[in-house]
Amino acid sequence: MSYAGSDLDKILSVRRQTGAEVIEVDEPTRKFVLFMLGEECFAIAGEQIREILPMGRIFFVPGCPATLEGVLNVRGDIVSVISLFALLEKTPPASTLEESILLGHAAGMQSGLRVGRVLDVLDLRESQIQAPHATLPDAMARMVCGICMHKEWPVSILDLNRLFEDYQRRL
Amino acid sequence: MNHEKHENQDAPQKLAVVSFLAGGYRCAVDAAQVRAQLPQDPDKPALPVEQLLGLEADLYGELGFHSTLLIKTGDDEVAVRVMDPVQLHELAQAAIHPLPGLIGACNQLTGLCALALVPQGLVLLVDLQLAIKSRNSHLAPALLHAENPV
């Protein structure tokens, strides 16, 4: 049986032409720094990350929340260090060689963020970012502002503004 | 810009401090706040500096040697017990750092005003006059209530 010239074919032909006429506008992209926390992938917007540093000696400061581990010497200046492992209840790697410090700035503040291995810097379009799942664990619910996929792995995108604002409100 | 440059030129290149141990941590106070250092006198108990700053007492530290610092409070003075070694020395301006924003926002210690990085590690710079004033302001309502019970 031949369907050539059928009504359906004609309709589909028109529909395909209509689809081809849609003008594709280049959607702006944003850079995101991709890193590991435990077995999970996370990302932070590139404009919120000043620098990626190797793991260094962290000096403990008493009187701070447990997730604020202390301070780090960065070329003669000291910056605070927040452990994202502790904050998001993830397991740190066995060796600090597999850790990095992201120098983050948001909400008018700056701090180091202790994370696992930094994997990549991604260019993501807004359309690639979905709303976070409603079933996120409590520790992550406030910090995660979006979800995307990278090489078939889900990536949780963190909002540093919320994180630093919480510290300013003394968690 | 000129005002900032003028202020920077007025800032001393070094700060004389009296360093001591508190709760197992290296601490230091501006030497200008200290009237004198005295040996610990068991007949004249002094206020433990850990209690003043809000630090947990170091159990091993209780076994160590202590000194008393007389901290100036206007025309008076307050005796504060600190752990040895107590040393008078200078910190270079470059070694002294303001508290990072997040630490300033959420730190619970009373009187922590700056941090210093020295070869031996981190030093907590504390304002003992401020800590004493804060303690007195908390104690005053309690004393008032004791004198005038409802």
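Residues numbered from 1 in each chain as written. Chains lettered and ligands numbered in written order. Predicted model: local features only at pLDDT ≥ 70, side-chain atom pairs only at ≥ 80, totals over all residues. Heavy atoms only, no water.

Trainee: So what about the overall build of chain A? Which residues, and what values?
Mentor: Summing up its helical and strand segments, chain A has 4 helices and 11 strands in all. Radius of gyration (C-alpha) of chain A: 22 Å, far over the 16 Å computed for a compact globule of 171 residues. Considering only C-alpha atoms, chain A reaches an extent of 80 × 30 × 30 Å along its principal axes. Looking at chain A residue by residue over its 171 residues, the buried ones come to 40%. Long-range contacts, defined as pairs at least 24 residues apart, comprise 57% of the intrachain contacts of chain A with a sequence gap of at least 6. The averaged location of the 23 negative side-chain charges in chain A is 3 Å from the averaged location of its 17 positive side-chain charges. (Helix = DSSP H or I, 4+ residues; strand = E, 2+ residues; numbered from the N terminus. Rg over C-alpha atoms; globule rule 2.2 N^0.38 Å. Buried < 20%, exposed > 50% of the residue type's maximum accessible area, 1.4 Å probe, protein only. Contact = heavy atoms within 4.5 Å. Lys, Arg positive; Asp, Glu negative; His and termini not counted. Charge placed at Lys NZ, Arg CZ, Asp CG, Glu CD.)

Trainee: Go over the environment of Val 34 of chain B with me, naming the residues and quoting the values.
Mentor: Residue and element names in this part refer to chain B. Within the secondary structure, Val 34 sits in strand E3 (residues 34-39). For Val 34 and Val 78, which are 44 residues apart along the polypeptide, the C-alpha to C-alpha distance reads 9.7 Å. Setting aside its immediate chain neighbours within four residues, Val 34 contacts Val 18, Val 29, Leu 69, Leu 70, Ile 71 and Lys 72.

Trainee: Describe the pattern of salt bridges, with residues and values.
Mentor: Residue and element names in this part refer to chain A. The full count for this structure, using the stated rule, is 12 salt bridges over all chains. The residue Arg 142 makes a salt bridge to Asp 166 at a minimum N-O spacing of 2.9 Å. Taken together, the positions of Arg 142 in the loop between helix H3 (138-141) and strand E10 (144-150) and Asp 166 in helix H4 (residues 160-168) put the pair 24 residues apart, joining distant regions of the chain. Each of Arg 30, Glu 47 and Glu 126 takes part in one network of salt bridges that share partners. (Salt bridge = Lys/Arg side-chain N within 4 Å of Asp/Glu carboxyl O.)

Trainee: Give me the lowdown on H4 of chain A, citing residues and values where you can.
Mentor: Helical geometry note: an α-helix holds 3.6 residues per turn, so side chains three or four residues apart project in the same direction. Residue and element names in this part refer to chain A. Looking at H4, one finds that the buried residues are Leu 160, Leu 163, Phe 164, Asp 166 and Tyr 167. All buried residues of H4 lie within an arc of 155° about the axis, which places them on one face of the element. The N-terminus of H4 is capped by Asp 159, whose side-chain oxygen sits 2.9 Å from the backbone nitrogen of Asn 161. (Arc of directions from axis to C-beta. Polar contact = N/O pair within 3.5 Å; in protein donor to acceptor, adjacent residues only side chain to side chain.)

Trainee: Could you give me a rundown of the side chain of Gln 48 of chain A, with the residues and numbers involved?
Mentor: With respect to the element layout, Gln 48 of chain A can be found in the loop between strand E2 (40-45) and strand E3 (49-54). Excluding residues that lie within four positions of it along the chain, Gln 48 of chain A makes contacts with Leu 103, Gly 104, His 105, Ala 106, Leu 158, Asp 159, Leu 160 and Asn 161 of chain A.

Trainee: Help me get a handle on the interface of chain A and chain B, residues and values and all.
Mentor: The interface is formed by 23 residues belonging to chain A together with 19 residues belonging to chain B. For the chain A and chain B pair, buried surface summed over both sides reaches about 1800 Å², with 74% attributable to carbon and sulfur atoms. Linking chain A with chain B are 0 salt bridges, by the criterion used here. For the pair chain A and chain B, the interface holds 2 residue pairs in polar contact (both at pLDDT 80 or more). For the side of chain A that touches chain B, the secondary structure elements donating two or more residues are strand E5 (68-74), strand E6 (77-83), strand E8 (109-115) and H4 of chain A. Per-class residue counts for the side of chain A that touches chain B are 14 nonpolar, 7 polar and 2 charged. (Buried area = accessible area lost by both parts, 1.4 Å probe. Nonpolar A, V, L, I, M, F, W, Y, C, P; charged D, E, K, R; others polar.)

Trainee: Please give an account of the nonpolar core that cites residues and values.
Mentor: Counting residues in each nonpolar core, the largest one holds 63 residues, and the members touching the most others are Ile 82 and Leu 84 of chain A together with Phe 20 of chain B. With near-sequence residues (within four places) excluded, Ile 82 of chain A lies in contact with Thr 67, Leu 68, Leu 87, Ser 111, Gly 112, Leu 113, Arg 114, Leu 163, Phe 164 and Tyr 167 of chain A together with Leu 102 of chain B. (Core = buried A, V, L, I, M, F, W, Y, C linked by side-chain atoms within 4.5 Å.)

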